[in-house]
Amino acid sequence: MGVNASVLAIDAGNSKTDVALIGADGTVLSTARGGGFQPPAVGVETAVDALGSAVGRALEQSGVPVGSVAHVSACLANADLPVEEEQLAAALLARGWGATVEVRNDTFAILRAGVDEPRGVAVVCGAGINCVGMVPDGRTARFPAIGRISGDWGGGAGLAEEAMWFAARAEDGRGGPTELVRTLPGHFGLGSMYALIEALHLGRVEFERRHELAPVLFATAAAGDAVAGALVDRLAEEVVAMASVALGRLGLLDEQAPVVLGGSVLAARHPQLDAKITELIAARAPKAVIRVVTQPPVLGAALLGLDHTGAAAPVHERLRAQYG
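Small disclaimer: the values here were computed from a predicted structure and weren't measured. (Residues numbered from 1 in each chain as written. Predicted model: local features only at pLDDT ≥ 70, side-chain atom pairs only at ≥ 80, totals over all residues. Heavy atoms only, no water.)

## Structural notes on the overall build of the protein
Okay, so step 1: The helix and strand tally for the protein stands at 13 helices and 10 strands.
Okay, so step 2: For the protein, whose C-alpha radius of gyration is 21 Å, the value lies close to the compact-globule estimate of 20 Å for 324 residues.
Okay, so step 3: Seen through its principal axes, the protein has C-alpha atoms that stretch 70 × 45 × 35 Å.
Okay, so step 4: By residue count, 50% of the 324 residues in the protein fall in the buried class.
Okay, so step 5: Sequence separation of 24 or more characterises 67% of the internal contacts of the protein that already satisfy a separation of 6 or more. (Helix = DSSP H or I, 4+ residues; strand = E, 2+ residues; numbered from the N terminus. Rg over C-alpha atoms; globule rule 2.2 N^0.38 Å. Buried < 20%, exposed > 50% of the residue type's maximum accessible area, 1.4 Å probe, protein only. Contact = heavy atoms within 4.5 Å.)

## Describing the packing of aromatic side chains
Okay, so step 1: Under the counting rule described, the total for this entry stands at one aromatic pair.
Okay, so step 2: Its end group placed over the ring of Phe 108, Arg 104 keeps NZ or CZ at 5.1 Å from the ring centre.
Okay, so step 3: Over the aromatic face of Trp 153 sits the side chain of Arg 234, whose NZ or CZ is 3.8 Å from the ring centroid. (Phe/Tyr/Trp six-rings, centres within 6.5 Å; stacked < 30°, edge-to-face > 60°. Lys NZ or Arg CZ within 6 Å of the ring centre and 35° of its normal.)

## Some points on the nonpolar core
Okay, so step 1: Within the largest apolar cluster, 53 residues are counted, with the highest numbers of intra-cluster contacts made by Leu 184, Leu 235, Leu 273 and Ile 277.
Okay, so step 2: Leave out the neighbours within four places in its chain, and Leu 184 touches Ala 163, Met 164, Ala 167, Met 193, Leu 196, Leu 213 and Val 216.
Okay, so step 3: Core analysis: the second largest hydrophobic core is formed by 29 residues, Val 19, Val 48, Leu 51 and Val 64 among them. (Core = buried A, V, L, I, M, F, W, Y, C linked by side-chain atoms within 4.5 Å.)

## Remarks on the environment of Leu 299
Okay, so step 1: Along the chain, Leu 299 turns up in helix α12 (residues 297–309).
Okay, so step 2: Note: C-alpha distance between Leu 299 and Leu 190 (109 residues apart in sequence) is 42 Å.
Okay, so step 3: Not counting residues within four places of it along the chain, the set of residues in contact with Leu 299 comprises Ala 113, Leu 319, Arg 320 and Tyr 323.

## A word on the sheet that holds strand β1 (residues 7–12)
Hydrogen bonds along the backbone pair up the strands of a sheet, which may run parallel or antiparallel.
Okay, so step 1: Reading across the sheet, the five strands line up as β3-β2-β1-β4-β5 and stay open at both edges, with mixed pairing between neighbours. The outermost strands of the open sheet, each flanked by one partner alone, are β3 (28–35) and β5 (98–105). With direction set aside, neighbouring strand axes in the sheet form an average angle of 15°.
Okay, so step 2: Examined bridge by bridge, strand β2 (residues 16–22) and β3 share seven bridges and lie antiparallel to one another. Residue pairing across strands places Lys 16 opposite Gly 35, the latter belonging to β3.
Okay, so step 3: Against the sheet, helix α2 (residues 44–62) engages β1, β2, β3 and β4 (69–76), with an angle of about 155° to β3.
Okay, so step 4: Relative to the sheet, α12 contacts β1, β2, β4 and β5, its axis offset from that of β1 by approximately 145°. (Pairing = 2+ DSSP bridges. Axes fitted to C-alpha atoms, helices over the stretch in contact; angles between N-to-C directions.)

## Some remarks on the sheet that holds strand β8 (residues 140–142)
Okay, so step 1: Spatial strand order, β8-β7-β6-β9-β10: five strands in an open sheet with mixed pairing. The two strands at the open ends of the sheet, each matched to only one other strand, are β8 and β10 (289–292). For this sheet the average axis-to-axis angle between neighbouring strands, irrespective of direction, equals 15°.
Okay, so step 2: In this sheet, β8 lies alongside strand β7 (residues 129–134) in antiparallel orientation, the contact comprising three bridges. The residue bridging Val 132 from the neighbouring strand is Arg 142, located in β8.

Keep in mind these numbers describe shape, not what the thing actually does.
See below:
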């Protein structure tokens with residue numbers, strides 16, 4: 001007879017998917033990793049097929065029969081709007097992996113991984129930027145986070161493009177001087193912004209590689225460049241604006257609520273960025289407690305699943321202990 005699992009946890013980002021099967025006592029029964037989850041590019045069913053490959057391996061590894069899981073907790077990239085979460089939840093439910101399904105944006109996994117209870121706010125800055133918040137009574141705060149059309153600025157790709165804008169104008173005379181005019185093309189072994197622009201435009205440097213310029217921006221700022229430094233400060237202002245608005249929506253501004261920072265840009269702990277975020281948070285939400293999440297997001301998806309099933313505190317603690 002097969003093993004029973006309480007929660008099937010899925011954390012699916014643009015580049016990879018992590019799956020974990022969790023027993024009723026909080027034990028991790030099995031894990032699996034798969035490719036990225038990109039329904040806008042390949043369609044919902046094809047994207048869910050990719051999830052199914054990782055889920056199938058986890059089920060096989062643990063001996064858990066298909067359909068015997070109590071609850072599926074899926075935190076998915078590109079589930080940016082509630083209507084998208086509903087569509088994806090219906091697609092996952094149709095696969096019969098578990099009796100119930102809850103789909104959330106993947107930022108919720110990072111938040112839940114970084115807090116001891118479902119209470120607080122998370123800002124994630126990787127390729128893009130997003131912010132969510134939650135409290136134990138089920139209320140949430142969130143933003144559409146689909147780019148400039150929803151008022152967003154920041155993330156590695158956005159920072160790189162902004163840095164290139166200033167550097168291009170510095171080189172051709174439309175803007176003021178900045179060391180970015182040398183450091184950005186220098187990253188690719190090129191001698192000028194014109195050469196970098198041409199290489200990106202003609203595909204000699206893949207356009208997706210522009211995110212590599214975000215660390216160059218931070219290094220240029222750390223060396224004292226005013227233009228680069230202003231962009232770092234602007235990112236800090238965006239992070240704090242999102243966090244403080246989310247805290248306010250949830251009535252947490254006057255409490256010692258966690259503000260969890262995640263994603264590659266924030267996890268890199270750039271000193272100027274960290275210092276500016278700390279300074280601005282102290283002014284706008286003085287009781288907030290900043291944390292940088294180090295646990296894997298699939299832990300957050302699993303904890304959200306245990307929240308849904310009403311698991312006791314020791315079950316949560318046993319699960320968290322297995323992820324260090």
